[in-house]
Amino acid sequence: MPESNAIIESDLLEKLERLTIHWQKSLPGLVGGHNLSRIRGSGQEFLDHRHFHHGDDLRDVNWRAFLRLDKLFLKMFQLEPRVPVRILVDTSRSMLTGGEDGTSLNKFDYARQLAAALCYVGLIRLDTMTIQPFSGKMGQSLRAGGGRQRIQPVLRFLEGLKCGGQTNFMEVTREFMSTYEQRGVVIVISDFLDDADCERPIQYLADFGHEVFLAHVWSEEDRVPPWDGDLDLEDAETGTHLQLPFGPDARAAYTEAFDKFAASIKNIALRNGGRYVAISTATPIEDAVFGPFVRMGVLQ
Amino acid sequence: MNFLNLSLGELFALAGIVSAGIVALYLLDRSKRRHMVGTLRFWVASQSPTEFKRSRKVQQPWSLLLQILSTLLLLLAIAGPRLGSSNGARNHVLILDTSAWMGARARQGILLDQAKAQALSFLAGLPADDRVMLVRADALATPVTPFSPSREAVIAAIQQSQPSASSLNLQQALDFAEHSQKLQTERVGDIVFAGAGRVSRDDAEGIAPPANLRLLLIPSAGENVGLRRFGARRAAHEPDSLDAFVALRNDGARPRDVILELSMQKKVLASKNLTLAPGSESESNFLFKREGDGPLIARVRSANGRSDAFPQDDSAVLDLPPDTRVTLTVYTNEPEPLRPLLTGNPRVTVSFVPPAKYDAQAKADVILFDRFAPPSAPANVNVIWMDPPNGSPFTVKAEQANAKLQNWHSDNPLAQGLFTRDVELPTAKVFTLAQGDQAVADIAQGPVVVARAGAVKMAALGFNPVKSNMRFELATPLLMANILRWMEPEAFREADVQASTVGTMSVALEKGTDPNAVHVVDGNNRPLPFTLDGNTLHFFSGAPGAVHLQSGTRESVYSLTVPDVAEATWKPAASVRRGVPGLGSGGTSSPALWPWLAALGGLGFLIEWFLYGRNSVMRVIPRSSARAAFKLPWRKAS
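Every residue gets a number counted from 1 within its own chain, in the order that chain's sequence is written. The order in which chains are written sets their letters, starting at A; the order in which ligands are written sets their numbers, starting at 1. Reporting of local features is limited, given that this is a predicted model, to residues whose pLDDT is at least 70; pairs of side-chain atoms are given and counted only at 80 or more, and all residues count toward the totals for whole chains, interfaces and linings.

Engineer: Help me understand the sheet that holds strand β7 (residues 128–134) of chain A, please; the structure alone is not making it clear to me.
Structural biologist: Two modes of strand pairing occur in sheets, parallel and antiparallel, and in both the strands are linked by backbone hydrogen bonds. Residues and elements named next belong to chain A. One open sheet holds the six strands; their spatial order is β8-β7-β6-β9-β10-β13, and the pairing between them is mixed. One side of each edge strand has no neighbouring strand; the edge strands of this open sheet are β8 (142–144) and β13 (275–280). For this sheet the average axis-to-axis angle between neighbouring strands, irrespective of direction, equals 15 degrees. By this definition, two strands are paired if DSSP reports at least two bridges between them. What counts as a helix is a DSSP run of H or I of at least four residues, what counts as a strand is a run of E of at least two, and both are numbered from the N terminus. Note: strand β6 (residues 84–90) against β7, seven bridges, orientation parallel. For Ile87, the partnering residue across the bridge sits in β7 and is Ile131. Axis geometry follows a simple rule: fit a line to the C-alpha atoms, using only the stretch in contact for helices, then measure angles between N-to-C directions, giving values from 0 to 180 degrees.

Pasting the structure below:
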């Protein structure tokens with residue numbers, strides 16, 4: 001049993017042991033995984049028959065059918081590949097906002113807890129997990145696999161992450177696709193606040209063949225700012241200032257704009273066969289994992 | 001209502017200022033606040049022209065209104081309003097006259113006893129919940145008790161009051177009473193003055209009685225003649241005599257025949273019969289022979305033998321400084337030429353002794369050796385060497401015939417006031433200056449008059465002034481006087497002694513007095529603070545006693561023991577209320593409203609905080625509803 005850690009509690013880790021990261025796409029990989037694939041290979045589960053062709057492996061011939069029908073049929077089996085799961089953790093400065101009232105975590109701490117929980121679930125099922133921090137570029141990553149005992153290096157790695165920089169999804173996506181050529185599951189934990197467009201990079205990831213899970217982390221004041229009156233706002237990433245008056249009507253318009261933005265992220269995920277989970281930092285991490293993540297089928 | 005005893009207009013003005021402050025704070029509170037946000041894109045999208053227009057107005061008028069209303073309620077609570085009639089607990093200030101004149105004899109006891117009785121009558125007539133502050137008034141207004149409903153403390157303080165030595169400063173006491181009442185929130189009661197109202201003539205004209213003044217006046221006692229000032233100094237030309245000065249004043253309404261006597265050691269030294277007109281002041285000077293040391297007493301008594309109303313000012317005592325003189329022993333074979341030079345100073349006792357009868361143990365303050373050097377020098381005695389032969393402690397460098405005196409070192413105290421030049425000396429010895437020697441006078445070849453300071457002071461003259469043309473010059477006796485003054489400054493210090501009244505003293509100093517050389521000490525030799533305004537020195541002594549003022553060669557002793565009796569009686573306007581009011585005339589108290597107003601004000605602030613505070617329900621949308629609103633469109637989309 002892993003020790004209790006500042007990032008994640010041991011009680012939660014115990015509960016996470018019954019979960020599995022589930023993906024829908026048939027992804028290539030070495031045998032030994034837990035998700036069935038429509039890709040033919042040397043698996044255990046029967047898939048179909050086909051006519052024998054010259055060069056096929058005689059061990060796969062269905063000899064019973066040959067004796068009865070006097071024709072050679074070849075048995076095909078489903079592959080259970082070991083698919084790499086990559087968790088992209090947003091470490092841009094915007095992730096530090098929120099949680100100033102002390103009642104909840106800021107988005108960065110929340111994302112680290114979420115990443116730890118998902119990584120532990122993957123390690124339990126012997127998936128190969130990669131934690132990839134990013135902001136304007138990809139940072140130093142950590143690859144882990146081989147069971148629950150490998151969670152401690154992951155937690156230490158997550159604890160050591162620092163926030164900084166400006167989000168650039170397009171640059172990060174390019175770098176990601178050139179670094180990781182094998183298709184797999186990509187879990188993006190971010191607030192998706194990129195002044196440039198973040199929809200196209202997500203689209204690229206999906207088009208490349210990855211199965212994309214988007215975990216949209218937001219703080220309460222990201223969606224419903226509690227302030228009134230004349231405000232002097234500073235963009236956490238760019239340092240740009242904006243002075244404006246703010247009231248109930250403006251708050252409603254703000255929330256509407258935020259909801260539109262979240263809906264657009266959700267649409268891009270769903271349109272490409274991915275999944276989208278929106279979590280407020282006010283939601284306890286256990287409720288988030290066993291709530292939206294299970295409901296959306298990311299975890300089973 | 002008694003909001004710090006402000007008028008209604010002042011109260012409204014204060015409320016207006018506080019309200020303006022609240023509005024300013026409100027606008028400041030609602031002004032630009034800096035926040036760091038993840039992105040600005042949604043903020044830009046939230047803005048519309050109508051929203052911008054609204055921002056320049058007060059956004060939460062009800063919040064502002066609640067704040068102002070709550071503040072006004074709290075102000076009203078501080079004002080202390082009451083239900084019903086305006087009768088309620090009041091704050092009275094009882095001013096008890098404890099000036100010197102209150103020690104004057106009355107038919108029974110002294111005037112202060114009558115004032116105490118009046119004050120106690122006033123206290124007895126007050127409602128039980130009225131509060132009283134007792135102030136003792138003489139030259140200073142001194143509060144004895146705070147505003148208190150406890151009669152026991154006030155009565156005890158009244159009964160412990162005693163006449164002081166100073167006169168009454170009534171205006172100061174009235175101002176203090178008014179100010180004290182204004183600082184209280186309760187209703188203003190009376191300012192009651194119990195006393196004779198004897199004030200200085202200048203003050204009597206300018207006293208402005210407050211509207212709530214009540215007088216418990218004590219009729220002034222009858223006839224009195226007293227000492228007002230008394231001083232003495234050593235007569236300038238007769239060291240055995242004193243020059244005394246006495247001022248008397250008749251405070252009564254009839255002419256008085258009095259006898260003024262000066263005595264020392266129970267012996268009358270001088271006396272004078274005087275007739276003083278009513279209200280007049282008489283000044284008398286006496287020149288009399290001083291007989292020994294001791295206090296000098298001035299006493300005035302009635303010619304017909306009857307004592308007057310205020311015997312405390314019938315006598316005054318001066319502690320005269322001891323009569324010090326310098327004994328000068330002159331060892332010379334020719335005393336006659338020196339006699340007129342040295343015996344002219346009455347403070348110097350001179351004895352001429354031939355050198356053959358020299359006694360090293362003989363007692364003297366100063367010894368003068370005229371052309372004589374003793375085999376053994378005297379110990380602990382100041383010495384003047386005149387034309388010293390070999391054997392003196394001064395080294396003679398040369399002897400010059402027909403020398404001309406050229407220069408006096410005016411920075412040296414021995415040469416002060418000496419300007420004689422070009423006097424031809426038949427012969428003069430020029431000295432070599434040793435360490436610590438100071439040249440006083442020079443000829444062309446060097447110093448001929450030298451001073452040597454130290455535990456024992458010495459001076460050497462390289463010539464015999466009475467055997468040269470110097471004997472015709474004024475510089476010769478001045479030089480000897482300077483030498484003796486330098487050697488024995490205490491004996492030559494001008495001393496004058498004055499008896500005066502307690503309080504502030506102003507003394508005119510000599511022109512050019514060094515401020516650093518001025519010292520003022522009391523009878524216990526403790527320094528007293530003083531100020532110097534040009535050549536006038538001011539100091540204050542609140543208690544009877546002696547004060548010594550030293551300035552250079554002058555010492556003045558002020559014996560502040562004469563009671564300060566004011567010369568006039570205040571005559572207030574007829575409209576000022578007089579006498580003890582009836583029993584319980586203050587009425588009964590009515591219920592106070594301030595707790596309710598304070599509670600309402602606090603409740604207003606609480607409601608404002610709950611509705612419009614930073615974490616209030618009106619400013620932040622509940623989290624649960626926000627989450628529900630957030631989830632709804634996504635479910636539809638999925």
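Here the narrative resumes, following the displayed structure.
Engineer: Sorry if this is basic, but what is going on with helix α4 (residues 151–159) of chain A here?
Structural biologist: Residue and element names in this part refer to chain A. Buried residues of α4: Ile151, Val154, Leu155 and Leu158, and no others. The buried residues of α4 all sit within an arc of 95 degrees when viewed along its axis, so they share a single face. Along its buried surface, α4 packs onto α3 (107–124), β7 and β8. In this scheme the burial state of a residue depends on its C-beta neighbours within 10 Å: 20 or more other such atoms mean buried, 12 or fewer mean exposed, and anything in between means partly exposed; the C-beta positions come from the backbone. Directions pointing from the helix axis toward each C-beta atom define the arc. Each residue gets a C-beta atom placed from its backbone, and two residues are in contact if those atoms lie within 7 Å.

Engineer: Where do I start with the pairing of strand β10 (residues 211–218) of chain A in this structure?
Structural biologist: Working note: regular strand, side chains alternate between the two faces of the sheet. Residue and element names in this part refer to chain A. Extensive coverage of β10 is indicated by the burial of eight of its eight residues. Of the two faces of β10, the one lined by Glu211, Phe213, Ala215 and Val217 and the one lined by Val212, Leu214, His216 and Trp218 are each fully buried. Of the pairings in the sheet, the one linking strand β9 (residues 185–190) to β10 comprises six bridges and is parallel in character. Bridge pairing in β10 links Ile189 to Ala215. Bridging between β10 and β13 involves six bridges; their strand directions are parallel. Looking at the pairing, Trp218 lines up with Ser280 of β13.

Engineer: Would you mind going over the nonpolar core with me for this structure?
Structural biologist: As a rule of thumb, soluble globular proteins bury nonpolar side chains together. Membership of the largest hydrophobic core comes to 76 residues, with the highest contact counts inside it found for Leu94, Ile95 and Val135 of chain B. Of all hydrophobic cores here, the second largest spans 75 residues; its members include Met95, Ala250 and Ile279 of chain A together with Leu40 of chain B. Note on terminology: a nonpolar core is any set of buried Ala, Val, Leu, Ile, Met, Phe, Trp, Tyr and Cys residues joined through C-beta atoms within 7 Å.

Engineer: How should unusual backbone geometry be read in this particular structure?
Structural biologist: Backbone geometry follows two general trends: most residues other than glycine have a negative phi, and most peptide bonds adopt the trans configuration. At Phe192 of chain A, a position not held by glycine, the phi torsion is positive, near 60 degrees. Topologically, Phe192 of chain A is positioned in the loop between β9 and α6 (199–208). For Phe192 of chain A, a count of 24 C-beta atoms within 10 Å puts it in the buried group. Residues other than glycine seldom take positive phi values, yet Asp387 of chain B does so here, at roughly 50 degrees. By secondary structure assignment, the location of Asp387 of chain B is in the loop between β18 (382–386) and β19 (395–404).

Engineer: Looking at this structure, I do not really get the environment of Phe419 of chain B. What am I missing?
Structural biologist: All names here are of chain B. Mapped onto the secondary structure, Phe419 falls in the loop between β20 (407–408) and β21 (424–432). Taking the C-beta count within 10 Å as the criterion, Phe419 has 10 such neighbours and is therefore assigned exposed. Here the alpha-carbon distance between Phe419 and Leu474, two residues 55 residues apart in the chain, equals 9.4 Å.

Engineer: I'm lost on the packing of α6 of chain A against helix α8 (residues 248–271) of chain A in this one. Help?
Structural biologist: Geometrically, a packed helix pair is captured by the angle between its two axes and the distance between the axes. Residue and element names in this part refer to chain A. Closest axis-to-axis distance for the α6/α8 pair is 9 Å, and the angle between their directions is 15 degrees. Of the possible angle classes, the one that applies to α6 and α8 is roughly parallel. Where α6 crosses over α8, the handedness of that crossing is right-handed. For the pair formed by α6 and α8, the contact residues are Glu199, Ile202 and Gln203 on the first element and Ser264, Ile268 and Ala269 on the second. When grouped by side-chain class, the residues that make up the contact of α6 with α8 number three nonpolar, two polar and one charged. By definition in this entry, angles of less than 35 degrees are roughly parallel, angles greater than 145 are roughly antiparallel, angles of 65 to 115 are roughly perpendicular, and the rest are oblique. Working rule for handedness: look at the near helix, and if it is turned counterclockwise from the far one by less than a right angle, call the crossing left-handed; if clockwise, right-handed. Classification convention: Asp, Glu, Lys, Arg as charged; Ala, Val, Leu, Ile, Met, Phe, Trp, Tyr, Cys, Pro as nonpolar; all other residues, Gly among them, as polar.

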